[in-house]
Amino acid sequence: MSVLSMWRVKAAQVAPGLLISATVAAAASFLGTHYGAPVMLFALLIGMAFNFLYDDGPCRAGVDLASKFILRLGVGLLGVRIALDDLARIGVDGAMVLAGLVAATIASGFVIAPLLGRQWRFALITGGAVAICGASAALAIAAVIPPNDKTERNTLFTVMAVTALSTVAMVVYPVLFQALGFSEGQQGFLIGATIHDVAQVVGAGFSVSNAAGETATVVKLFRVAMLPVVLIVIALTLRLGPHGGAQGRIALLPWFMVLFLALVVLGSVVDLPLSAIDPVNTLSRTCLIVAIAALGIKTSLKALTTVGGGHLAVVVIETLVLLGLATLVIGMVDFV
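What this report covers is the structure whose coordinates are included nearby. (Residues numbered from 1 in each chain as written. Predicted model: local features only at pLDDT ≥ 70, side-chain atom pairs only at ≥ 80, totals over all residues. Heavy atoms only, no water.)

This part is about the overall build of the protein. Within the protein, the secondary structure is distributed over 17 helices and zero strands. A compact globule built from 336 residues would reach a C-alpha radius of gyration of about 20 Å, and the protein, at 20 Å, matches this within 12%. For the C-alpha atoms alone, the extent of the protein along its principal axes is close to 65 × 50 × 45 Å. A total of 336 residues make up the protein; the buried ones form 50% of that total. When contacts within the protein are restricted to residue pairs at least 6 apart in sequence, long-range pairs at least 24 apart make up 80% of them. Just so you have it, the protein exposes about 14800 Å², and 69% of that area is on carbon and sulfur atoms. Of note, the protein has its 18 positive side-chain charges centred 14 Å away from the centre of its 15 negative side-chain charges. (Helix = DSSP H or I, 4+ residues; strand = E, 2+ residues; numbered from the N terminus. Rg over C-alpha atoms; globule rule 2.2 N^0.38 Å. Buried < 20%, exposed > 50% of the residue type's maximum accessible area, 1.4 Å probe, protein only. Contact = heavy atoms within 4.5 Å. Areas by Shrake-Rupley, 256 points an atom, 1.4 Å probe, with all protein chains shown as cover. Lys, Arg positive; Asp, Glu negative; His and termini not counted. Charge placed at Lys NZ, Arg CZ, Asp CG, Glu CD.)

Given below as structure tokens:
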């Protein structure tokens, strides 16, 4: 069989699953645009309604491809949003505070999760999602840790939980921070430092003022830029841990994080026009929505309902830990 014939066979195998994943993603995007609700949450819920196509049918190969390769591609393309010049606006003090918040939030997961009967994988996925950039971080971390039979279910639950909490925070946090007497600059910093998903950060920040929205966006992008750092730490820890031999195949820096960093460097060295950045941003978001749809298709609603209240409690407590710590240390940040 020729190489071309092999590619045709492979394409025929993955086409049904890719098509259903893309269709669910398109439906979710349409609903999200017209009803102002989180697109990823729609993609997840609609995808789960088509779980029967994954369990019994020709869609399995394409859905697996969408939930793995396309997911990683979407995460890697996130790097186009970030330029080092923008991050430099935060300053040394702001960078140290944000790095500390990320580390403390992830660490809190390892304290909270065992108390509620949850394992380290769930602690890491939820802690990283809350600390860094919501659904994108959850997907990226789940892609690099050794999976077990609960990893996909827990990842889907985390995506659902952080998306819902981000939407609530987008409405509640600006009112809360104003009631606490913070300045517009401080409100922008706190919004960028505490809300999980980028879209909700932008919405909440600009609801305060343009200046607060710009500050919130830059702070949030710094958190996103910490994603490859966290993934390297995870890879090193797994390699050097008690089961390091078994984890030796884990890449220190997966290819999609290399792509992420390459785009950050490119955007920092070259002044990319919006006409170049916007299509990549759109492609990244499209890939992530398709991947979420595929993960939803792979997950049965029955399996998701077995997680218990402890799962939600972990995410909520991590969110409150991040919120509490950020409000305590806001006075340490000079640039606001």
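Turning to the packing of helix H6 (residues 91-115) against helix H17 (residues 309-329), a few remarks are in order. As a packed pair, H6 and H17 sit with axes 9 Å apart at the nearest point and diverge in direction by 145°. Read as a crossing pair, H6 and H17 show a hand that is right-handed. Each of Val-97, Leu-101, Ala-104, Thr-105, Ser-108, Gly-109, Ile-112 and Ala-113 in H6 lies in contact with H17, whose residues at this interface are Val-314, Ile-317, Glu-318, Val-321, Leu-322, Leu-325, Ala-326 and Val-329. When the residues that make up the contact of H6 with H17 are grouped by side-chain class, the tally is twelve nonpolar, three polar and one charged. (Axes fitted to C-alpha atoms, helices over the stretch in contact; angles between N-to-C directions. Left-handed = near helix turned anticlockwise from the far one by under 90°. Nonpolar A, V, L, I, M, F, W, Y, C, P; charged D, E, K, R; others polar.)

Helix-helix packing: each pair is described by the crossing angle between the helix axes and the interaxial distance. For the pair helix H13 (residues 227-240) and helix H14 (residues 255-269), interaxial distance at closest approach is 10 Å and the crossing angle is 150°. Two packed elements cross with a definite hand, and for H13 against H14 that hand is left-handed. Mapping the contact onto sequence places Leu-227, Pro-228 and Leu-231 in H13 and Phe-256, Met-257, Phe-260 and Leu-261 in H14. A per-class count over the contact of H13 with H14 returns seven nonpolar, no polar and no charged.

This part takes up a nonpolar patch on the surface. A surface patch of nonpolar side chains, about 420 Å² in accessible area, is lined by Val-168, Val-171, Val-172, Leu-176 and Leu-180. One can find Leu-176 in helix H9 (residues 151-179). (Patch = residues over 30% accessible without salt bridge, like charges linked within 9 Å, V, L, I, M, F, W, Y side chains within 5 Å. Salt bridge = Lys/Arg side-chain N within 4 Å of Asp/Glu carboxyl O.)

A word on the pattern of salt bridges. Applying the stated criterion across every chain, the model contains two salt bridges. Notably, a salt bridge pairs Asp-64 with Lys-298, separated by 3.1 Å at the nearest N-O pair. One end of the pair, Asp-64, is in helix H4 (residues 60-77); the other, Lys-298, is in helix H15 (residues 274-298), and 234 residues separate them in sequence. For Lys-298, a relative accessible area of 12% puts it in the buried group. Measuring nitrogen to oxygen at the nearest pair gives 2.6 Å for the salt bridge that ties Glu-152 to Lys-298. Here Glu-152, found in helix H9, pairs with Lys-298, found in helix H15; they are 146 residues apart in sequence, far enough to count as distant. It is possible to trace a salt-bridge network through shared partners that takes in Asp-64, Glu-152 and Lys-298.

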